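In case you want the letters, here they are:
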Amino acid sequence: MSMAAALDVAAGALLTVWEAARERTTSRVSGAQLRAVMVVEQHDGINLRRLASRLDMLLSSASRLCDRLVAAGMLEREPGRLDRREISLHLTPEARRLLAELRDDRREQLARIIGGMTPEGRTALLHGMREFDETARRQEARSAPAEPVPVRPERLDGRGHALPAPREWPADEPPVARTA
C-alpha cells in the first residue's frame, strides 16, 4: 500500500470527526454557506466578486448565497470605503458563535480520541500534521492558478469593450479557504 493510500485510510477517523461536527453545526446553515462564512472570517471585508472566486462559484450564485446568509443573520453587507458601489461582507456575532461551536465540538471529539493515544503518538501526530500543513500551503501557493482580473463595465475602450480593472487583492494569497 502506498503512503498516500495508507494516509487516506488512517485519516478516516479524523474526517469522520470533522464531518460529524459540521453536520451538527450546519443544521442552521448549508455546507456551502458554512464555507462562505469561513472565507469571510478569514478575509473580513471581502467583496462579493472575490468571495465568488474563492468559493469557485458564479458571481450570481455567490450573491444568492450571501442573500440567504444575510437573511439568516450570519452576514452583514456594508458599502465599500473606497467605492460605494462595492459591498464588503462581515460576519455577525451569530456567525462567530456558530464557528466557535463548530471548533469546540471538533476539539472535544479530538481530545477524547487523542486522550487514548500514547504521549509519543500524540507528539508524532502533531509534528506530522504541522509539517503536512506547511507543505500543503507551500504547494498551494506555488500551483495556484492566477485569479481572473475583475472587469468593470463602466471602464470601456473606444469600441465599447470592457477594460480589466486593476487587481484589488494580493496575487500571492492562496486561493483556498482554511477550515474553521
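Thresholds applied
Residues numbered from 1 in each chain as written. Predicted model: local features only at pLDDT ≥ 70, side-chain atom pairs only at ≥ 80, totals over all residues. Heavy atoms only, no water. Core = buried A, V, L, I, M, F, W, Y, C linked by side-chain atoms within 4.5 Å. Buried < 20%, exposed > 50% of the residue type's maximum accessible area, 1.4 Å probe, protein only. Helix = DSSP H or I, 4+ residues; strand = E, 2+ residues; numbered from the N terminus. Contact = heavy atoms within 4.5 Å. Polar contact = N/O pair within 3.5 Å; in protein donor to acceptor, adjacent residues only side chain to side chain. Axes fitted to C-alpha atoms, helices over the stretch in contact; angles between N-to-C directions. Parallel < 35°, antiparallel > 145°, perpendicular 65-115°, else oblique. Nonpolar A, V, L, I, M, F, W, Y, C, P; charged D, E, K, R; others polar. Left-handed = near helix turned anticlockwise from the far one by under 90°. Salt bridge = Lys/Arg side-chain N within 4 Å of Asp/Glu carboxyl O.

Novice: An account of the nonpolar core is requested, with residue identities and associated values reported.
Specialist: Ranked by internal contacts, the top residues of the largest apolar core, which has 22 residues, are Leu 51 and Leu 69. Only helix H3 (31-42), helix H4 (48-55), helix H5 (59-71), strand S2 (87-91) and helix H6 (93-114) provide two or more residues apiece to this core. Examining the composition of this core, we find that 6 residues originate from one element, H3, more than from any other. When neighbours within four sequence positions are excluded, Leu 69 is seen to be in contact with Val 29, Gln 33, Ala 36, Val 37, Met 74 and Leu 75.

Novice: Just give me the short version of the environment of Arg 35, but keep the residues and values in it.
Specialist: Considering the arrangement of structural elements, one finds Arg 35 in helix H3. In sequence terms Arg 35 and Leu 55 are 20 residues apart; their C-alpha atoms lie 7.6 Å from each other. In this structure the side chain of Arg 35 is engaged in a polar contact, spanning 3.3 Å, whose partner is the backbone oxygen of Leu 55.

Novice: If you had to explain the packing of H4 against H5 to someone new, which residues and values would you point to?
Specialist: Between H4 and H5, whose axes approach to 9 Å, the crossing angle comes to 105°. In terms of orientation, H4 lies roughly perpendicular with respect to H5. Residue-level inspection shows Leu 48, Arg 49, Leu 51, Ala 52 and Leu 55 of H4 in contact with H5, the latter providing Leu 59, Ala 62, Ser 63, Leu 65 and Cys 66. When its residues are assigned to classes, the contact of H4 with H5 shows 8 nonpolar, 1 polar and 1 charged.

Novice: Hey, could you go over the packing of helix H2 (residues 12-25) against H6 for me, with residue numbers and the actual values?
Specialist: The contact between H2 and H6 brings their axes to 9 Å, and the two run at 145°. Crossing angle aside, the handedness with which H2 passes H6 is right-handed. Here H2 contributes Leu 14, Val 17, Trp 18, Ala 21, Arg 22, Arg 24 and Thr 25 to the contact with H6, which in turn contributes Leu 98, Leu 102, Asp 105, Arg 106, Gln 109, Leu 110 and Ile 113. Split into classes, the residues belonging to the contact of H2 with H6 amount to 8 nonpolar, 2 polar and 4 charged.

Novice: Lay out the pattern of salt bridges with the relevant residues and their values.
Specialist: Once the charged atoms of two side chains with opposite charge are near each other, the side chains can pair. Throughout the structure, instances matching the rule amount to 6 salt bridges. Between Glu 41 and Arg 103 there is a salt bridge whose closest N-O contact spans 2.7 Å. Within this pair, whereas Glu 41 is found in helix H3, its partner Arg 103 is found in helix H6, the two being separated by 62 residues in sequence. Among the ionic pairs, Asp 133 bridges to Arg 137, the shortest N-O distance being 3.2 Å. In this pair, Asp 133 and Arg 137 both sit in helix H7 (residues 119-143), 4 residues apart, roughly one turn of the helix. Given a relative accessible area of 27%, Asp 133 falls into the partly exposed group.

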